[in-house]
Amino acid sequence: MTVTIKNEHDIAKMRIACRLASEVLDYITPFVKPGITTNELDKLCHEYMLNKQYAIPAPLNYQPSGYPPYPKATCISVNDVICHGIPSDKKLKNNDILNIDITVVKDGYFGDTSRMFIVNPGSILGKRLVQVTYECMWLGIERVQPGAYLGDIGYAIQRHAEAHGYSVVREYCGHGIGNVFHEEPQILHYGHPGTGIQLQPGMIFTIEPMINAGRREIRTMPDRWTVKTRDHSLSAQWEHTVLVTKTGYEVLTVSANTPQPSQSLYD
Ligand code: MF3
Ligand code: CO
Ligand code: CO
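Here goes a summary of the coordinates provided. (Residues numbered from 1 in each chain as written. Chains lettered and ligands numbered in written order. Predicted model: local features only at pLDDT ≥ 70, side-chain atom pairs only at ≥ 80, totals over all residues. Heavy atoms only, no water.)

## A look at the coordination of the cobalt ion (ligand 2)
For a metal bound by four donors in tetrahedral geometry, the ideal donor-metal-donor angle is 109.5 degrees, whereas six donors in octahedral geometry ideally sit at 90 or 180 degrees.
Stage number 1. For the cobalt ion (ligand 2), the full set of protein donor atoms is Asp 112 (OD), His 175 (NE2), Glu 208 (OE) and Glu 239 (OE), and the range of their distances to it is 2.0 to 2.2 Å.
Stage number 2. If you look at the cobalt ion (ligand 2), its six donor atoms make angles of 52 to 162 degrees with each other, and the shape they trace is irregular.
Stage number 3. In primary sequence terms, the donor set of the cobalt ion (ligand 2) follows D-x62-H-x32-E-x30-E.
Stage number 4. Distance-wise, the cobalt ion (ligand 3) is placed 3.3 Å from the cobalt ion (ligand 2), both being coordinated by Asp 112. Taken together, the positions of His 175 in strand β7 (residues 174-176) and Glu 239 in the loop between β13 (235-237) and β14 (240-244) put the pair 64 residues apart, joining distant regions of the chain.
Stage number 5. Judged by its relative accessible area of 5%, His 175 falls in the buried class.
Stage number 6. What makes Glu 239 buried here is its relative accessible area of 0%. (Donors = N, O, S within 2.8 Å, 3.2 Å for Na, K, Ca; no water. Tetrahedral: all angles 85-135°; square planar, octahedral: opposite > 155°, others 65-115°. Helix = DSSP H or I, 4+ residues; strand = E, 2+ residues; numbered from the N terminus. Buried < 20%, exposed > 50% of the residue type's maximum accessible area, 1.4 Å probe, protein only.)

## As for the site of ligand 1
Stage number 1. Residues in close proximity to ligand 1 total 14 residues, the closest being Pro 59, His 175, His 182, Glu 208 and Glu 239.
Stage number 2. A distance of 3.1 Å is found between an oxygen atom of ligand 1 and a side-chain nitrogen or oxygen belonging to Asp 112.
Stage number 3. The contact in question runs from an oxygen atom of ligand 1 to an N or O atom on the side chain of His 175, over 3.1 Å.
Stage number 4. When ligand 1 sits alone it has 340 Å² of accessible area, and the protein chains cover 96% of it.
Stage number 5. Taken atom by atom, the bulk of ligand 1 overlaps the largest pocket.
Stage number 6. Here the shell around ligand 1 is composed, by residue class, of six nonpolar, four polar and four charged. (Near = heavy atom within 4 Å. Polar contact = N/O pair within 3.5 Å; in protein donor to acceptor, adjacent residues only side chain to side chain. Areas by Shrake-Rupley, 256 points an atom, 1.4 Å probe, with all protein chains shown as cover. 1 Å grid on protein atoms, 1.4 Å probe; cavity = no way out; pocket = protein on both sides within 12 Å on 5 of 7 lines; lining within 4 Å. Sits in = over half its atoms within 2 Å of the grid points. Nonpolar A, V, L, I, M, F, W, Y, C, P; charged D, E, K, R; others polar.)

## Here's the deal with the coordination of the cobalt ion (ligand 3)
Stage number 1. Those donors, Asp 101 (OD), Asp 101 (OD), Asp 112 (OD) and Glu 239 (OE), are the protein atoms that reach the cobalt ion (ligand 3), and they lie 2.0 to 2.3 Å from it.
Stage number 2. Sequence positions of the donors to the cobalt ion (ligand 3) reduce to the motif D-x10-D-x126-E.

## A short note on helix α4 (residues 150-163)
Stage number 1. With 14 residues, α4 ought to run about 20 Å at 1.5 Å a step, and its terminal C-alpha atoms sit 20 Å apart, in line with that.
Stage number 2. Counted residue by residue, α4 has ten buried out of 14 residues, so it is predominantly covered.
Stage number 3. Once α4 ends, the next one or two residues include Gly 165, with phi positive near 85 degrees. (Expected span 1.5 Å × (residues − 1).)

## Here's the deal with the pattern of salt bridges
Stage number 1. The final tally for this structure, using the stated rule, is eight salt bridges.
Stage number 2. Close ionic contact of Lys 13 with Asp 107 constitutes a salt bridge, the shortest N to O distance being 2.5 Å. Taken together, the positions of Lys 13 in helix α1 (residues 8-28) and Asp 107 in the loop between β4 (97-106) and β5 (109-118) put the pair 94 residues apart, joining distant regions of the chain. (Salt bridge = Lys/Arg side-chain N within 4 Å of Asp/Glu carboxyl O.)

## Focus on helix α2 (residues 38-52)
Stage number 1. Along its 15 residues, α2 runs 20 Å from first to last C-alpha, staying within 8% of the 21 Å computed at 1.5 Å per residue.
Stage number 2. Every buried residue of α2 is accounted for by Thr 38, Asn 39, Leu 41, Asp 42, Cys 45 and Met 49. Within α2, the buried residues cover an arc of 160 degrees as seen down the axis, which keeps them to one side. Turned more than 90 degrees from where α2 packs its buried face, Lys 43, Asn 51 and Lys 52 sit exposed.
Stage number 3. Buried residues along α2 sit in contact with α1, β1 (56-57), β2 (75-78) and β4.
Stage number 4. Directly after α2, the chain includes Tyr 54, whose backbone phi takes a positive value near 50 degrees. (Arc of directions from axis to C-beta. Contact = heavy atoms within 4.5 Å.)

## Digging into the packing of helix α3 (residues 124-141) against α4
Stage number 1. Viewed as axis vectors pointing N to C, α3 and α4 meet at an angle of 155 degrees, and their least axial separation amounts to 8 Å. For the element pair α3 / α4, the angle class is roughly antiparallel. The handedness of the crossing between α3 and α4 is right-handed. Residues Val 132, Glu 135, Cys 136, Leu 139 and Gly 140 of α3 pack against Ile 153, Ala 156, Ile 157, His 160 and Ala 161 of α4.
Stage number 2. Tallied by class, the residues present in the contact of α3 with α4 amount to seven nonpolar, two polar and one charged. (Axes fitted to C-alpha atoms, helices over the stretch in contact; angles between N-to-C directions. Parallel < 35°, antiparallel > 145°, perpendicular 65-115°, else oblique. Left-handed = near helix turned anticlockwise from the far one by under 90°.)

## A short note on empty space enclosed by the protein
Vacant regions in the atomic arrangement are exposed by a probe of water-molecule size rolled over the atoms.
Stage number 1. Scanning all chains against the criterion turns up one cavity of 30 Å³ or more.
Stage number 2. If you trace the largest cavity, you find it lined by Thr 113, Ser 114, Arg 115, Tyr 134, Trp 238, Glu 239, His 240, Thr 258 and Pro 259.
Stage number 3. A total of three residues in the lining of the largest cavity trace back to one element, the largest contributor, which is β5. (Points joined across faces, edges and corners; volume = space filled by probe spheres on them.)

Laid out in structure tokens, this is it:
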């Protein structure tokens, strides 16, 4: 029921797990092309984790109460899929937007990160949604410092999304993470400044806004994992795992090719 404060040992282990998760995304990037299936992307990521990183994919057989075991190593969410897209034999096509969400377990610690990809050449709406969602994630991250409120993070994200006419998914949120995949606190991607718990050095959690081009309502598919936009509008998500430091934040899910904070992604 309480938020864990990580010690230096935990933090060192989390830096490793989180870097590995980010490196899986670096690795898979050049494979994201028209014609490849999401199953093929999943298999490449899975083999990379096992054989190159000696790490385990956390999603595989993950089974929160009320869910069937998750059947794959990664989540790949294409176009109107908001999150928990199950890799399949469906091929990527031009202008698809997709999120690849990687969680690795290394030495008992979990690193969780996701990025968006656009299959060339990309639509104007797709690029704009992906860029604004990226900015939402960073505006949230930039609120992280000791004494800040969780509501400050949610508010920054919601304000930016809604200023662009987009909506914030309410049913899924960021989460504490460490030697457990999902732990307290919940990091809502909407809210009011000055509300919720206050951040303390040593907390580690994800910020992973899901932003819809249309309405915020969701529909869960019969597989009980895949979550789509009810209105079939596009949805985007970016995710980092972040440590609260004495003076601010440290993004743990970084690697050689992590997109930079104030990057303009598509020009
Ligand atoms: N990685 C997701 C998150 O950001 C969780 C995926 S759970 C799974 O929290 F079982 F679908 F993989
Ligand atoms: Co997460
Ligand atoms: Co994730």
